[in-house]
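Below, each chain spelled out in residue letters.
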Amino acid sequence: MFFEHNSTAAEIPATPPPIIAIFILFSFIIFINYFFKFAIKFINFQILLKIMNYKTLLFEKKNNIAKVILNRANKLNALNKLMMSELEKCIKSIEKDKSIRALIITGSGEKAFVAGADIKELNENDRSSGRQFAEFGSSVFSRIEQMRIPVVAAINGYALGGGCELALCCHIRFASENAKLGQTELNLGLIPGYGGTQRLPRIVGKAKAMEMILSAKVITASEAESIGLVNAVFKQEKLMEKTEEFIGNIISKGIIAVASAIECINASDELSLSSGLA
């Protein structure tokens, strides 16, 4: 005897209650949202790694503060064409990142911030290429000076020649006790090529700038502080901590107010008092 098997009930899947369907849909939407957020962050991170992959610099970003470390410690972080080119690219990248509220520039190691230009490369330049490099370097330093976020030089050792000029284009300068600063270009039969003849007199006064540049004198951190060339001097091991502490105070202020203050102070070099007050 055969019995007819009624499989209709088994073949028709049960319809989930509406509340379960809504929960499944909501969970799926959340998953997709987090997936795309993670994917975007991962892609941006890969792009950042590609952009920030330098041979002569190290780049760090933490708590809205960027740090550029000049990284040729075996050459006392001497400036060469590659470093200057990478510095320009790095500054442009920082300008595009609106989350960055301040910038610290320092040197790797404990001996030098930047001990000057790369002498070997300098000797390979003819008059034309030397002038082009000086003009390029001057444009990079001017770009740093005109940034609308505070730029602080943490001078951790020798800052000579172009290194001193790099410090001069920063808005604030802190130095370690072992730091030494000087515009030493005349020892090589040159003059400061990255703006030192213009910025140094504005910072320390014409007479002191004339003395430093013409004598190619190297001064200590304490002397630099006494003439206003650096804002403060700290023990070597405290330099970065104090620099970050100072910057932390600045970025607690309003973004627009800080940027406007920097712009107005920079403009004071070019404007008359009445124009600056207008």
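Everything below is about the structure printed above this text.
Residues numbered from 1 in each chain as written. Predicted model: local features only at pLDDT ≥ 70, side-chain atom pairs only at ≥ 80, totals over all residues. Heavy atoms only, no water.

What about the pairing of strand β3 (residues 102-107)?
- Along β3, 6 of the 6 residues are buried, which leaves the element largely enclosed by surrounding structure.
- Side chains Ala102, Ile104 and Thr106 of β3 all project onto a buried face; the interleaved residues Leu103, Ile105 and Gly107 project onto the opposite face, where all are buried too.
- Inspection of the sheet shows strand β2 (residues 65-70) paired to β3 by 6 bridges, in the parallel sense. Within β3, the residue paired with Ile65 across the bridge is Ala102.
- Read from β2 through helix α3 (residues 81-96) to β3, the crossover connection turns out right-handed.
- Where β3 and strand β5 (residues 151-155) come together, 4 bridges link them in parallel fashion. Directly across from Ile104, in β5, lies its bridge partner Val152. (Buried < 20%, exposed > 50% of the residue type's maximum accessible area, 1.4 Å probe, protein only. Helix = DSSP H or I, 4+ residues; strand = E, 2+ residues; numbered from the N terminus. Pairing = 2+ DSSP bridges. Right-handed = clockwise from strand over helix to strand, strands pointing away.)

Digging into a nonpolar patch on the surface
- On the surface, Ile19, Ile20, Phe23 and Ile24 cluster together to form a nonpolar patch covering roughly 440 Å² of accessible area.
- Position of Ile24 among the secondary structure elements: in helix α2 (residues 18-51). (Patch = residues over 30% accessible without salt bridge, like charges linked within 9 Å, V, L, I, M, F, W, Y side chains within 5 Å. Areas by Shrake-Rupley, 256 points an atom, 1.4 Å probe, with all protein chains shown as cover. Salt bridge = Lys/Arg side-chain N within 4 Å of Asp/Glu carboxyl O.)

Topic: the pairing of β5
- Counting buried positions along β5 yields 5 of 5 residues, so the element is predominantly enclosed.
- With burial as the criterion, each face of β5 is covered, one bearing Val151, Ala153 and Ile155 and the other bearing Val152 and Ala154.
- Where β5 and strand β7 (residues 172-176) come together, 4 bridges link them in parallel fashion. Note on β7: the bridge partner recorded for Ala154 is Phe174.

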